[in-house]
Amino acid sequence: MAAVAGKTYPAVQIEIDTERVADFARAIGSNPSDGVPPTFAAVYSLGATVPQLFGDQDAAVDFARLLHAEQEFEWQRQPRVGETLTSVGRVASDTSRRGMRFVTFESETTDADGAALCKSRALFVIRS
Amino acid sequence: MTERRVTFSPEQIAAYAEASGDHNPIHLDDGFARSVGLPGVIAHGMLQMGILATVAAEAAGGPDNLRRMSVRFAGMVVPGDTVTFRATPDGEGKLELSAVNQRGEAVLTKAAADYTP
């Protein structure tokens, strides 16, 4: 089994788009005029970086057997619409026990000045 | 205590898939979902977390005050399920969070948030 603990993926840039934020806010029943919803981090932090893990042949994550088990976000501040952010994904741990694989995937998001904005930590469980 | 009750629909789940970019067919295609052993399409865990975060943000006095939030995705939510999302003060700058379906089952567990009071 491929274990890729410690692997860091190339930085991804993402712009906080007005229309996408409004669609996201409406989908969670929030008011688009309240600003960027906190869990829009699912898009700019986790969502921007996790396709690199899922597409990584070395990581060999079987998407069909994958379960998103836990999620944590830490925010230094909420982003504003129009900002361009940079997110870097990293496999914090990758372990197997009792036929299950546990992958902790962290994403760190910084703003245009390089200041920390958000950190995402996702735990994925992959059944074998 | 801040609370919101939501009855999930296939339309809301599809809208979340579109807005979030998570197009996993287990959320969109009943036939595919059944083929992998699910009862049919299920809501995104991140959709549940998103709704709970809006409740947490309201309890925290606004989204800018939220500093941290964590959940465990413990139970499936299918269209027609009604989930009660709740944030309860739990000491200075802390919120205890919960999401419980119409049968009294917690669909999110280990849910908590920190905020700047």
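Residues numbered from 1 in each chain as written. Chains lettered and ligands numbered in written order. Predicted model: local features only at pLDDT ≥ 70, side-chain atom pairs only at ≥ 80, totals over all residues.

A. Quick peek at helix H1 (residues 18-27) of chain A. Of the residues making up H1 of chain A, those classed as buried are Arg-20, Val-21, Phe-24, Ala-25 and Ala-27 of chain A. Taken down its axis, H1 of chain A places every buried residue within 160° of arc, on the same side. Along H1 of chain A, the residues that are exposed and aim more than 90 degrees away from the buried face are Thr-18 and Glu-19 of chain A. Lining the buried residues of H1 of chain A we find helix H2 (41-54) of chain A together with helix H1 (10-20) of chain B. Once H1 of chain A finishes, Gly-29 of chain A follows within two positions and takes phi at roughly 75°, a positive value. (Buried ≥ 20, exposed ≤ 12 C-beta atoms within 10 Å, placed from the backbone. Helix = DSSP H or I, 4+ residues; strand = E, 2+ residues; numbered from the N terminus. Arc of directions from axis to C-beta. Contact = placed C-beta atoms within 7 Å.)

B. Expanded view of the nonpolar core. Residue and element names in this part refer to chain B. Leu-52 and Ala-56 are the most contacted members of the largest nonpolar core, which has 64 residues in total. At 10 residues, the largest contribution of residues to this core is made by helix H3 (residues 45-59). If we skip the residues at most four places from it in the chain, Leu-52 touches Val-71, Phe-85, Leu-97, Ala-99, Leu-108 and Ala-111. (Core = buried A, V, L, I, M, F, W, Y, C linked by C-beta atoms within 7 Å.)

C. A look at the packing of H1 of chain A against H1 of chain B. Interaxial distance between H1 of chain A and H1 of chain B falls to 9 Å at its minimum, and their mutual angle equals 155°. Classified by the angle their axes make, H1 of chain A and H1 of chain B are roughly antiparallel. As H1 of chain A runs across H1 of chain B, the sense of the crossing is left-handed. In this structure, H1 of chain A contributes Arg-20, Asp-23, Phe-24, Arg-26 and Ala-27 of chain A to the contact, and H1 of chain B contributes Gln-12, Ala-15, Tyr-16, Glu-18, Ala-19 and Ser-20 of chain B. Taken together, the residues of the contact of H1 of chain A with H1 of chain B sort by class into 5 nonpolar, 2 polar and 4 charged. (Axes fitted to C-alpha atoms, helices over the stretch in contact; angles between N-to-C directions. Parallel < 35°, antiparallel > 145°, perpendicular 65-115°, else oblique. Left-handed = near helix turned anticlockwise from the far one by under 90°. Nonpolar A, V, L, I, M, F, W, Y, C, P; charged D, E, K, R; others polar.)

D. How the structure looks around the environment of Gly-31 of chain B. Examined against the element boundaries, Gly-31 of chain B turns out to sit in helix H2 (residues 30-35). Sequence-wise, Gly-31 of chain B and Val-41 of chain B are 10 residues apart; in three dimensions their C-alpha atoms are separated by 8.3 Å.

E. Representation of the environment of Glu-96 of chain B. Residue and element names in this part refer to chain B. Structurally, Glu-96 can be placed in strand S4 (residues 94-100). Judged by C-beta crowding, with 16 C-beta atoms within 10 Å, Glu-96 ranks as partly exposed. Residues Glu-96 and Arg-86 lie 10 residues apart in sequence; the distance between their C-alpha atoms is 8.2 Å. Not counting residues up to four positions away in its chain, the partners in contact with Glu-96 are Thr-88, Asp-90 and Ala-112.

F. Region of interest: the interface of chain B and chain A. Each partner contributes to the interface: chain B provides 28 residues, whereas chain A provides 27 residues. Looking at the side of chain B that touches chain A, the elements with two or more residues in it are H1, H3 and strand S2 (66-73) of chain B. Per element, the largest residue contribution to the side of chain B that touches chain A is 9 residues, and it comes from H3 of chain B. Residues belonging to the side of chain B that touches chain A are distributed by class as follows: 16 nonpolar, 7 polar and 5 charged. By the bridge criterion, 5 bridges tie strand S2 (residues 66-75) of chain A to S2 of chain B in an arrangement that is antiparallel. Within S2 of chain B, the position partnered with Gln-71 of chain A by the bridge is Val-71 of chain B. (Pairing = 2+ DSSP bridges.)

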